[in-house]
Amino acid sequence: MTARPHTPLRPLWLCRACAAPWPCGPARLTLLREYAHDRVALLVYLGGLLHDAAGQLHPLDPHDGPDPTQLFDRFLGWAIVRRSPGESPQHPMPEVPVTGLPCEGQLDMADGVGTEAT
C-alpha cells in the first residue's frame, strides 16, 4: 500500500492525507525538498496558492473567514528565511551603480526618491 500524498483538498484547503490545514508539516518538508535549490520559485508558487486559498476560503465563511495574517503565516511565513538583525545574506545582491544607467538625466538617489537632479 502506498502512502497518500499530502496535497490540498480544495476549496477547504485541508490535507488529503492527514486532514490538517494545508500545507501540513509533511507537505512543507516535501516542498522544501522539491525547491531546495530555488527558494524564490517556492515562494512564488506558495504565493499563488495563497491567492487561490484566500479566494476559495472566504466564500465558505465570509463573516468569520480566515485572517489574512494567519493565511500568510500558513502559506508563506514558514518558507521565508529569517535573519537576525545585522546578519548578512549568504548570497547578497550585487550593488548596481546608479551612474552609467541609460537615462537622459542623472538620478538623485540621496533622498531615496528617483527624481532628476537639477
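In case you missed it, the structure is sitting above this.
Described below are features of the structure shown in this document. (Residues numbered from 1 in each chain as written. Predicted model: local features only at pLDDT ≥ 70, side-chain atom pairs only at ≥ 80, totals over all residues. Heavy atoms only, no water.)

1. Considerations on the overall build of the protein
Threshold: The way it works is that DSSP assigns letters per residue, a run of H or I at least four long becomes a helix, a run of E at least two long becomes a strand, and they are numbered from the N terminus. Classification of residues uses two cut-offs on accessible area relative to the type maximum, computed with a 1.4 Å probe and protein chains only: under 20% is buried, over 50% is exposed, and between them is partly exposed. Residue contacts are counted whenever heavy atoms from the two residues lie within 4.5 Å of one another. Using a 1.4 Å probe, the Shrake-Rupley method yields the accessible areas, and only the shown protein chains count as cover for residues.
A tally of regular secondary structure across the protein gives three helices and four strands. From first element to last, N terminus to C terminus, the protein shows the α and β order β-β-α-α-α-β-β. Expressed as a percentage of its 118 residues, the buried residues of the protein come to 19%. Pairs at least 24 residues apart make up 42% of the contacts formed inside the protein by residues separated by at least 6 positions. Summing over all exposed atoms, the protein offers an accessible surface of approximately 9000 Å²; the carbon and sulfur share of this is 58%.

2. Looking at the pattern of salt bridges
The line we're drawing: Every case where a carboxyl oxygen of Asp or Glu lies within 4 Å of a side-chain nitrogen of Lys or Arg is listed as a salt bridge.
Evaluation of the coordinates by the stated rule reveals one salt bridge. Note that Arg10 is salt-bridged to Asp52, the shortest N-O span being 3.4 Å. Of the two residues, Arg10 is situated in the loop between strand S1 (8–9) and strand S2 (14–15) and Asp52 in helix H2 (residues 39–60); the sequence distance between them amounts to 42 residues. On the accessibility criterion, Asp52 (30% relative accessible area) is partly exposed.

3. Quick word on the nonpolar core
Short version of the rule: Definition used in this section: a nonpolar core is a set of buried Ala, Val, Leu, Ile, Met, Phe, Trp, Tyr and Cys residues joined via side-chain atoms within 4.5 Å.
Residues Trp13, Trp22, Leu31, Leu46, Leu49 and Phe75 are the most contacted members of the largest nonpolar core, which totals 17 residues. Of all the secondary-structure elements, those providing two or more residues to this core are helix H1 (25–34), H2 and helix H3 (68–75). A total of six residues in this core trace back to one element, the largest contributor, which is H2. The contact partners of Trp13, leaving out residues within four places of it in the chain, are Pro8, Ala20, Pro21, Trp22, Leu49, Asp52, Ala53, Gln56, Leu57, Arg74 and Phe75.

4. Here's the deal with the environment of Trp22
Note on placement: Trp22 falls in the loop between S2 and H1. Classification of Trp22 by relative accessible area gives buried; the value is 4%. Each C-alpha atom of the pair Trp22 and Leu9 lies 8.2 Å from the other, and the pair is 13 residues apart in sequence. Residues contacting Trp22, with those up to four places away along its chain left out, are His6, Thr7, Pro8, Trp13, Leu14, Cys15, Ala27, Leu31, Leu49, Arg74 and Phe75.

5. Notes on the packing of H2 against H3
Going by this rule: To define axes, lines are fitted to C-alpha atoms, for helices over the stretch in contact only, and angles between the resulting N-to-C directions are given on a 0 to 180 degree scale. An angle below 35 degrees is read as roughly parallel, one above 145 as roughly antiparallel, one from 65 to 115 as roughly perpendicular, and any other as oblique. Helix crossings get a hand from a simple test, with the near helix turned counterclockwise from the far one by less than a right angle marking a left-handed crossing and a clockwise turn marking a right-handed one. Throughout this entry, Asp, Glu, Lys and Arg are counted as charged residues, while Ala, Val, Leu, Ile, Met, Phe, Trp, Tyr, Cys and Pro are counted as nonpolar. The remaining residues, Gly among them, count as polar.
The contact between H2 and H3 brings their axes to 10 Å, and the two run at 140 degrees. Here H3 runs oblique to H2, going by the angle between their axes. Crossing angle aside, the handedness with which H2 passes H3 is right-handed. Across from Leu46, Leu49, Leu50, Ala53, Ala54 and Leu57 in H2, the residues of H3 making contact are Leu71, Phe72, Arg74 and Phe75. For the contact of H2 with H3, the class distribution of residues is nine nonpolar, no polar and one charged.

6. What about the state of the cysteines?
Our working rule: Only a pair of cysteine sulfur atoms within 2.5 Å qualifies as a disulfide here.
Summed over the entire model, instances satisfying the criterion amount to zero disulfides. Looking at the unpaired Cys18, the closest cysteine sulfur is the one in Cys15, lying at 3.6 Å.

7. Considerations on the packing of aromatic side chains
Put simply, the rule is: Note on aromatic contacts: the rings of Phe and Tyr and the six-membered ring of Trp form a pair at centre separations within 6.5 Å, being stacked when their planes are under 30 degrees apart, edge-to-face when over 60 apart, and tilted otherwise.
Counting across every chain of the model gives four aromatic pairs. Geometrically, the ring pair formed by Trp13 and Trp22 is tilted, given 6.1 Å between the ring centres and 50 degrees between the ring planes. Trp13 gets classed as buried once you look at its relative accessible area, which sits at 0%. Relative to Tyr45, the ring of Tyr35 has its centre 5.9 Å away and its plane inclined at 20 degrees; by these criteria the two rings are stacked. Residue Tyr35 is found in the loop between H1 and H2, and its partner Tyr45 is found in helix H2; the two are separated by 10 residues along the sequence. Through a chain of ring-to-ring contacts, the aromatic side chains of Trp13, Trp22 and Phe75 assemble into a single cluster.

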